[in-house]
Amino acid sequence: MRASLTPREIVSELDRYIVGQTAAKRAVAIALRNRWRRQQVVGELKDDITPKNIILIGPTGVGKTEIARRLAKLAGSPFVKVEASKFTEVGYVGRDVESMVRDLVEAAIALVRDEELVRVKEKAAEAAEDRLAELLKNSTGKSPFSLSSNAAAPRLTESDREKLRAQLRAGTLDDETVEVEVQDSNLTFLRNFSGQGLEEVGVNLQDLFKGFPGQSRTRKRKAKVPEALKLLEAEEAAKLIDQDRVNREALKRAENDGIVFLDEIDKIASRDGSKGGGGPDVSREGVQRDLLPIVEGSTITTKYGPVKTDHVLFIAAGAFHVSKPSDLIPELQGRFPIRVELDALSGADLVRILKEPRNSLLKQYTALLATEGVSLTIEDPAVDELARLAQLVNERSQNIGARRLHTILERLLEEVSFAASDGGQKAVTIDVAFVRERLASLVKDEDLSRYIL
């Protein structure tokens, strides 16, 4: 985790992508910084300091998921998002809740492996160029050095290898075709064959059968030089990475830095405070009780080894329109001591969302149309009008927050996007009149707006 990030800096970084919601940003910033603080504690007390899990309460489209996702990316932490409601679909009570921890470990494996690939990239590229040089030397086609295609021909000299590397990097050999060996597997039919029981004991069928005779082999494939170079780089990088070390580091990272985002937690709360009822409420309470030991801290078996969840940070989120946090079972409530209410978005917030974030929708559409040579300009009064209309539609139909802006902008720029490839108008300016003309039907027809997300 990046030790240099203070809570103030974390909030500042989140502000670059998410508008408003200061209370939620401060809560997650403190939780993230406390992780670093715990690592600095010396002695037995370190193990007793557990994360203070958070519940984010607010309507859809106000930034709950984005706050958690950006926080994990900022800290370089393994992150997994799960829908709490899906566990009610597994059975009468949810029995698959441990899968979220296994998904977290897989995310950690991918994270650490990507870091290792960056570390060995230069060495892998050099090794791949050496192998490709030998393949080009033995190619049946025209060799850059007019060498024999005989596999027993003498190896390239260092000077010839350097010349060939220079040509590879300059792209002069991109049209050459070579034959490379790539890994092949007959285990495709096993990839979709995963039983819940097998997952629970950590058995991986592909790993189990990998060592069987004839199950792991290579096959020859013809490819152009650029593609062949990528294949060889990936193979050489895999050789340079110690997978056992990656697994150990990933388990450690998942245990100490992992973040699990439990969305729609309100969907597993008993409705209107009903306790001991039948039907769906029993299933919802069953899921809560299955979640409880994981959130409290337990050891989950994975195919990479046991994982302790004592120091995993759980961030739950829900709209809580029908139920409320107090409808959760008391034991689970106690494991989420921090509750933050997110504000509904106002028209001014929608204006800021359109203009301020680094990845704002206006910047995205401008970049997309720029690939077709179209310069898109949206005047400030037009942006204000877009936000006003989005707010109006939210009030008349279902309030889906900032997601309404996707609908509004897609409708606004439909004709521009459709005609952008035709080579016509290369400069498009959006003003208030254009906005009102394009969106008049969407706003006036309330019946129609009900069916548009």
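Refer to the preceding data block for the structure.
Notes on the structure follow. From a predicted model like this one, the values you see are computed outputs, not experimental measurements.

Considering all chains together, one arrives at 20 salt bridges under this definition. As a salt-bridge pair, D380 and K355 come within 3.6 Å of each other at their nearest N and O atoms. Of this pair, D380 sits in helix α15 (residues 380-396) while K355 sits in helix α13 (residues 347-355), and the two are 25 residues apart along the sequence. Taken together, the shared-partner salt bridges in this structure form one network comprising K81, E83 and D263.

Below, the discussion takes up helix α1 (residues 7-15). Turning to α1, its buried residues are I10, V11 and L14. Buried residues of α1 fall within an arc of 95° about the axis and therefore sit on the same side. For α1, the elements touching its buried residues are α2 (22-40) and α4 (64-75).

Where α1 contacts α2, the axes come no closer than 9 Å and their chain directions differ by 135°. Compared by their axis directions, α1 and α2 come out oblique. Considering the relative orientation of α1 and α2, their crossing is right-handed. Side by side, α1 and α2 meet where P7, I10, V11, L14 and D15 of the first sit next to K25, R26, V28, A29, L32, R33 and R37 of the second. Its residues assigned to classes, the contact of α1 with α2 shows seven nonpolar, no polar and five charged.

This brings us to the sheet that holds strand β1 (residues 54-57). One open sheet holds the five strands; their spatial order is β2-β5-β8-β1-β9, and the pairing between them is parallel. Each edge of the open sheet is held by one strand with a lone partner, namely β2 (79-83) and β9 (338-341). Strand-to-strand twist of the sheet, defined as the mean angle between neighbouring strand axes without regard to direction, takes the value 20°. Judged from the four bridges that link them, β1 and β9 form a sheet pairing that is parallel.

Counting residues in each nonpolar core, the largest one holds 61 residues, and the members touching the most others are I315, L412 and I430. The next biggest cluster of nonpolar side chains, apart from the first, holds 42 residues, and it includes V80, A84, V246 and I294.

Conventions adopted
Per-chain numbering applies: the sequence of each chain, read as written, is numbered from 1 onward. Given that the model is predicted, a residue must reach a pLDDT of at least 70 before its local features are reported, and side-chain atom pairs must reach 80 or more before they are shown or counted; all residues, however, enter totals for whole chains, interfaces and linings. Only hydrogens and water are set aside when side-chain values are computed; all heavy atoms of the structure are taken into account. Any carboxyl oxygen of Asp or Glu that lies within 4 Å of a side-chain nitrogen of Lys or Arg is treated as forming a salt bridge with it. Each helix is a run of DSSP H or I of at least 4 residues and each strand a run of E of at least 2, with the numbering of both proceeding from the N terminus. The buried label goes to any residue with under 20% of its type's maximum accessible area, the exposed label to any with over 50%, and the partly exposed label to all in between, with areas taken from a 1.4 Å probe on protein chains only. Note that the arc is defined by the directions from the helix axis to the C-beta atoms. Contact criterion: two residues are considered in contact whenever any of their non-hydrogen atoms come within 4.5 Å of each other. To get an axis, fit a line to the C-alpha atoms, keeping to the stretch in contact for a helix; angles then go from 0 to 180 degrees between the N-to-C directions. For this classification, under 35 degrees means roughly parallel, over 145 means roughly antiparallel, 65 to 115 means roughly perpendicular, and everything else is oblique. In this scheme the crossing of two helices becomes right-handed for a clockwise turn of the near helix relative to the far one and left-handed for an anticlockwise turn of less than a right angle. Each residue gets one of three labels, nonpolar for Ala, Val, Leu, Ile, Met, Phe, Trp, Tyr, Cys and Pro, charged for Asp, Glu, Lys and Arg, and polar for the others, Gly among them. By the convention used here, strands pair only if DSSP detects at least 2 bridges between them. Put simply, a nonpolar core is a bunch of buried Ala, Val, Leu, Ile, Met, Phe, Trp, Tyr and Cys residues held in one set by side-chain atoms that sit within 4.5 Å of each other.

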